[in-house]
Number of protein chains: 2
Amino acid sequence: MNKYVNILKEHEIKVTPQRLEIMKYLDEHREHPNVDKIYSALKKKNPSLSKTTIYNTLETLREHNIIQALTISGNELRYDFKNSVHHHFLCKECGQIFDIDVECPNLNKMLKDEYRVDEVHGYFKGECKACREKEEKRKK
Amino acid sequence: MNKYVNILKEHEIKVTPQRLEIMKYLDEHREHPNVDKIYSALKKKNPSLSKTTIYNTLETLREHNIIQALTISGNELRYDFKNSVHHHFLCKECGQIFDIDVECPNLNKMLKDEYRVDEVHGYFKGECKACREKEEKRKK
DNA sequence: TTAGATGCAAAGTGTTTGCAGCCTG
DNA sequence: CAGGCTGCAAACACTTTGCATCTAA
């Protein structure tokens, strides 16, 4: 838990139990949860937790570049503890978002001149292996 | 206008004036408009036009792969007439979305095995040239 | 002590749904 | 003529705002 205390202190923002719990949850649950998932998970431990706090905290952490918000799924934001640069794959069948580690070297190079690039996202949509296999079985 | 009639007929869906207007608008306005922009533009010509029709039509066109929906901006969907595969750059300053033509060859290759990839999106966030120049001027 | 964080309720915004009437094929 | 499309109003879902209370530093 000290890990998260340190991150907050480095960024000079207040250390609160709620913030620590949210960071810990995101760090330990890499399935890119939405606000509701985080909320209902942490509500169990701390019944007075408010959804507003989740929103506030996620926004604060995002501003400080500790986490990132994924817009991949269209109707809701998904959150991601920002350890490394990686891309994402959304399975249209099961809704899960998977991390993809692919580098695209000729990308940044071309952009640099015209644009100042702060974030590079790649995302893919389709069907994941598990869902494809399930589908195969159904057909048999 | 015949162009759009043909596209609809090829996909065996009904040809209606509303659909034609929406397609024409998207084809001629490549700034990736949101629903409201399309709605208010076309409402002028056809005051009885409903926003529901915009949503229905965009969804239908999307299902038929004629247009695509961009989730890049988080709080709303942006639409794009689907002529070619390309990526997008969102300027955080002015909100505009620009088309970017960069290929990433080693991408699909890696994905093929694990996933069935239907859509490949790349998007970048930052600041566009015009906004950067505006900012420079303000500083002087 | 005090600036900032929390949490409740209410408002806001973009999208979806239900349904009656209309139009394309 | 029939099934699909349109458009209105109401419902929804996710997020933001206003504000009183509480807490970390």
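Details of the structure are given in the entry above.
Presented here is an overview of the structure given in this document. Counting restarts for each chain, with residues numbered from 1 along the sequence as it is written. Just so you know, chain letters begin at A and ligand numbers begin at 1, following the order they were written in. Totals for whole chains, interfaces and linings use all residues, but because this is a predicted model, local features are given only for residues with pLDDT of at least 70 and pairs of side-chain atoms are given and counted only at 80 or more. Hydrogens and water molecules were not included; the side-chain quantities draw on all heavy atoms of the structure.

## Comments concerning the environment of Lys82(B)
All names here are of chain B. Selection criterion: Secondary structure counts use DSSP, requiring at least four H or I residues in a row for a helix and at least two E residues in a row for a strand, with both numbered from the N terminus. The rule is simple: take the accessible area with a 1.4 Å probe, protein chains only, and divide by the maximum for that residue type; under 20% is buried, over 50% is exposed, in between is partly exposed. Contacts are residue-level and defined by heavy atoms, with any inter-residue pair within 4.5 Å sufficient.
For lysine 82, the position within the fold is in the loop between β2 (78-81) and β3 (87-91). The class for lysine 82 is partly exposed, based on a relative accessible area of 29%. For the pair lysine 82 and aspartate 27, spaced 55 residues apart in the sequence, the C-alpha separation amounts to 8.6 Å. In contact with lysine 82, not counting residues within four places along its chain, are Asn65, Ile66, Ile67 and Gln68.

## Some thoughts on the nonpolar core
For clarity, the threshold we go by: Side-chain atoms within 4.5 Å link the members of a nonpolar core, which is a set of buried Ala, Val, Leu, Ile, Met, Phe, Trp, Tyr and Cys residues.
Grouped together as the largest cluster of nonpolar side chains are 23 residues, with contacts concentrated most on Met23(A), Ile54(A), Leu58(A), Ile67(A) and Phe81(A). For this core, the elements supplying multiple residues, two or more each, are α1 (2-10), α2 (17-28), α3 (35-45), α4 (51-63), β1 (67-70) and β2 (78-81) of chain A. Per element, the largest residue contribution to this core is 5 residues, and it comes from α2(A). Contacts of Ile67(A), omitting those with residues within four sequence positions, involve Leu26(A), Leu58(A), Leu61(A), Arg62(A), Tyr79(A), Asp80(A), Phe81(A) and Lys82(A). Counting 22 residues, the second largest nonpolar core, distinct from the first, contains Tyr4(B), Leu49(B), Ile54(B) and Ile66(B).

## Notes on α1(A)
Because an α-helix completes one turn every 3.6 residues, residues spaced three or four positions apart along the sequence face the same direction. Residues and elements named next belong to chain A. For clarity, the cut-off: In this description, one arc is meant: the one made by directions from the helix axis to the C-beta atoms.
Among all positions of α1, only Tyr4, Val5, Ile7 and Leu8 are buried. All buried residues of α1 fall inside an arc of 160° around its axis, so they share one side. Turned more than 90 degrees away from the buried face of α1, the exposed residues are Asn2, Lys9 and Glu10. A positive phi of about 55° marks glutamate 12, the residue just after α1.

## A few points about the pattern of salt bridges
Quick reminder of the rule: Throughout this description, the term salt bridge denotes a Lys or Arg side-chain nitrogen within 4 Å of a carboxyl oxygen of Asp or Glu.
Summed over the entire model, instances satisfying the criterion amount to 14 salt bridges over all chains. In this structure, the salt-bridge partner of Glu31(A) is Lys37(A), at a minimum N-O distance of 3.0 Å. Among the residues examined, Glu31(A) registers a relative accessible area of 24% and is labelled partly exposed. Among the salt bridges present, the one from Glu21(B) reaches Lys45(B), with a minimum N-O distance of 3.5 Å. Of this pair, Glu21(B) sits in helix α2 (residues 17-28) while Lys45(B) is found in helix α3 (residues 35-45), placing the two residues 24 residues apart along the sequence. Take Lys45(B): its relative accessible area is 59%, and that puts it in the exposed class. Counted as one network, the salt bridges with shared partners bring together Lys3(A), Asp27(A) and Arg30(A).

## With respect to the protein's contact with DNA strand C
Which entries qualify depends on this criterion: Any residue with a heavy atom lying within 4 Å of a molecule or strand is counted as near it. A 3.5 Å cut-off defines polar contacts: any pair of N or O atoms within that distance qualifies, except that in protein one atom must be a possible hydrogen donor and the other a possible acceptor, and neighbouring residues in sequence count only when both atoms are side-chain atoms. Ten residue types, Ala, Val, Leu, Ile, Met, Phe, Trp, Tyr, Cys and Pro, are classed as nonpolar, four, Asp, Glu, Lys and Arg, as charged, and the remainder, Gly among them, as polar.
The environment of DNA strand C is made up of 19 residues, and the closest members are Thr16(A), Arg19(A), Ser50(A), Thr53(A) and Tyr55(B). Backbone atoms, meaning sugar and phosphate, make up 76% of the atoms of DNA strand C lying within 4 Å of the protein. One of the backbone nitrogen or oxygen atoms of Ser48(A) is found 3.3 Å away from a sugar or linking oxygen of DNA strand C. A distance of 3.4 Å separates a phosphate oxygen of DNA strand C from a polar backbone atom of Ser50(A). Contributing elements (two or more residues each) for the surface near DNA strand C: α2 and α4 of chain A together with α4 (51-63) of chain B. When residues in the surface near DNA strand C are grouped by element, the largest group, 4 residues, is from α4(A). Looking at side-chain class alone, the surface near DNA strand C contains 5 nonpolar, 10 polar and 4 charged residues.

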